[in-house]
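Results of the structural survey
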Amino acid sequence: MKAIRSIITATCLSLAVAFAPDAVAQDANYRLASRFAPYKIQKLIHSTSVNPRWIENSEKFWYEFETSSGKSFYIVDPVRRTRTEIFDNDAIAAELTRITRDPYDGQHLPITSIRFVDDNTIRFDVTSTQDETEEKRDQDEMEEEQEDEKKEKKAKKKPSKKVFHFEYTVSSRQLRELDDWEEPDNHPSWASISPDGETVVFARHHNLYKMAAAEY
């Protein structure tokens with residue numbers, strides 16, 4: 001009987017050791033898993049496809065493509081079967097550095113909000129590290145901030161950064177700053193306008209409506 005008990009005890013101990021969780025394997029390695037989070041992987045993969053953006057009143061389109069060497073911008077003419085790099089990245093970075101007084105290089109262009117005026121002229125914005133001066137800030141924004149200050153004297157708002165507006169000629173690669181640039185006021189705050197500017201869409205009492213742009 002003792003022999004049987006010994007065998008059973010030994011068997012139970014063996015099973016317990018065999019199925020006992022490893023102390024190291026039991027702990028989840030969250031730090032390793034976080035290295036493969038989508039927002040981190042995206043920085044390593046860069047561009048994997050082309051998103052063409054057609055230029056109005058032309059047969060051409062443009063796109064941007066990012067690699068480990070930085071972001072490049074191209075304009076494509078399907079009719080002529082040509083692809084042209086819009087910027088000389090190093091040259092445009094040097095010009096932006098000269099005008100904005102912020103250091104840039106060709107691998108890290110700060111260009112945003114590219115808009116084609118025509119197939120040879122584009123406009124874009126660059127947000128500086130400098131704070132926007134009071135005299136150049138929008139009057140409505142200043143009035144709104146003044147109201148907020150009255151309501152919440154303890155709350156401090158971070159100063160907005162200065163935004164430079166540029167116009168660039170693709171063929172001659174000439175850049176100029178738009179000192180007298182004014183934001184177009186053709187989009188009402190209460191609605192969304194279709195890309196062709198013909199239709200207005202807005203919400204009211206949890207319902208969605210649309211109307212011709214000429215009617216608002």
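Here the structure is shown first, and the text comes after it.
Okay, so let's go over this structure. Quick caveat: nothing in here was measured; it's all calculated off a predicted structure. (Residues numbered from 1 in each chain as written. Predicted model: local features only at pLDDT ≥ 70, side-chain atom pairs only at ≥ 80, totals over all residues. Heavy atoms only, no water.)

1. Quick look at the sheet that holds strand β3 (residues 70-77)
Keep this limit in mind: Strand pairing is assigned whenever DSSP detects at least two bridges linking the two strands. Secondary structure elements follow DSSP: runs of H or I of four or more residues count as helices, runs of E of two or more count as strands, with numbering from the N terminus.
Across the sheet, which stays open at both edges, the four strands sit in the order β1-β2-β3-β4 with antiparallel pairing between neighbours. The sheet is open, and its two edges are formed by β1 (53-54) and β4 (82-85), each paired on a single side. As paired elements, β1 and strand β2 (residues 61-67) share two bridges and run antiparallel to each other. Following the sheet pairing, R53 is matched in β2 by W62.

2. Overview of the nonpolar core
Applicable threshold: Remark: nonpolar core denotes a set of buried residues (Ala, Val, Leu, Ile, Met, Phe, Trp, Tyr, Cys) joined through side-chain atoms within 4.5 Å. Classification of residues uses two cut-offs on accessible area relative to the type maximum, computed with a 1.4 Å probe and protein chains only: under 20% is buried, over 50% is exposed, and between them is partly exposed. By the convention used here, residues are in contact when the closest approach between their heavy atoms is within 4.5 Å.
Counting 22 residues, the largest nonpolar core has I86, F87, F124 and Y168 as the members making the most contacts within it. Those elements that provide at least two residues to this core are β3, α5 (89-100), β5 (111-118), β6 (121-131) and β7 (161-169). Looking at which element gives the most residues to this core, the answer is α5, with four residues. Ignoring any residue separated from it by four or fewer positions in sequence, one finds F87 in contact with F73, I92, I111, I122, F124, Y168 and R173. Of all hydrophobic cores here, the second largest spans six residues; its members include A191, I193, F202 and A213.

3. Brief notes about the sheet that holds strand β11 (residues 207-212)
Ordered by their spatial adjacency, three strands build an open sheet running β9-β10-β11, and the pairing between neighbours is antiparallel. Bordering the open sheet on either side are β9 (192-193) and β11, each of which pairs with just one other strand. In terms of strand pairing, β9 meets strand β10 (residues 199-204) through two bridges, oriented antiparallel. The residue bridging I193 from the neighbouring strand is V200, located in β10.

4. Here's the deal with the packing of aromatic side chains
Rules: Within 6.5 Å between ring centres, the rings of Phe, Tyr and Trp (the latter by its six-membered ring) count as paired, and their orientation is classed by plane angle as stacked under 30 degrees, edge-to-face over 60, tilted in between. Only when the NZ of Lys or the CZ of Arg is both within 6 Å of the ring centre and within 35 degrees of the ring normal is a charge said to sit over the ring.
Under the counting rule described, the total for this entry stands at ten aromatic pairs. Counting every residue linked through ring pairs, the aromatic cluster contains F73, F87, F124, F164, F166 and Y168. We note R83 situated over the ring of Y74; from NZ or CZ to the ring centre the distance is 4.3 Å.

5. Observations concerning the pattern of salt bridges
Quick note on the threshold: Here a salt bridge means any side-chain nitrogen of Lys or Arg lying within 4 Å of a carboxyl oxygen belonging to Asp or Glu.
On inspection of all chains with the given rule, the structure shows eight salt bridges. Between R176 and E167 there is a salt bridge, with its nearest N and O atoms 3.2 Å apart. Judged by relative accessible area, R176 falls into the partly exposed class, the value being 44%.

6. Let's talk about the side chain of N89
We apply this condition: Polar contact is the term for a pair of N or O atoms within 3.5 Å; when the atoms are in protein, one must be able to donate a hydrogen and the other to accept it, and sequence-neighboring residues count only if both atoms are side-chain atoms.
Note that N89 resides in helix α5. Side-chain polar atoms of N89 contact the backbone oxygen of G106, separated by 3.2 Å.

7. Side note on a negative patch on the surface
We count it as follows: Residues enter a patch when their relative accessible area is above 30% and they make no salt bridge; the linking distance is 9 Å between like charges and 5 Å between nonpolar side chains (Val, Leu, Ile, Met, Phe, Trp, Tyr). All accessible-area figures derive from a Shrake-Rupley calculation using a 1.4 Å probe, and residue coverage is judged against the displayed protein chains alone. Only four residue types enter the tally: Lys and Arg on the positive side, Asp and Glu on the negative side; His and the chain ends are excluded. Positions of charges follow a simple convention, taking NZ of Lys, CZ of Arg, CG of Asp or CD of Glu.
Taken together, the side chains of E85, D88, D90 and D105 present a region of like negative charge at the surface. Of note, D90 is situated in helix α5. Its relative accessible area of 56% is what places D90 among the exposed residues.

8. A look at the environment of E64
Along the chain, E64 falls in strand β2. Given the relative accessible area of 27%, E64 is considered partly exposed. Placed 21 residues apart in sequence, E64 and E85 show a C-alpha to C-alpha distance of 9.7 Å. In this structure, E64 is in contact with R53, K71, S72 and F73, ignoring residues within four places of it in sequence. A distance of 3.3 Å separates the side chain of E64 from the side chain of K71, its partner in a polar contact.

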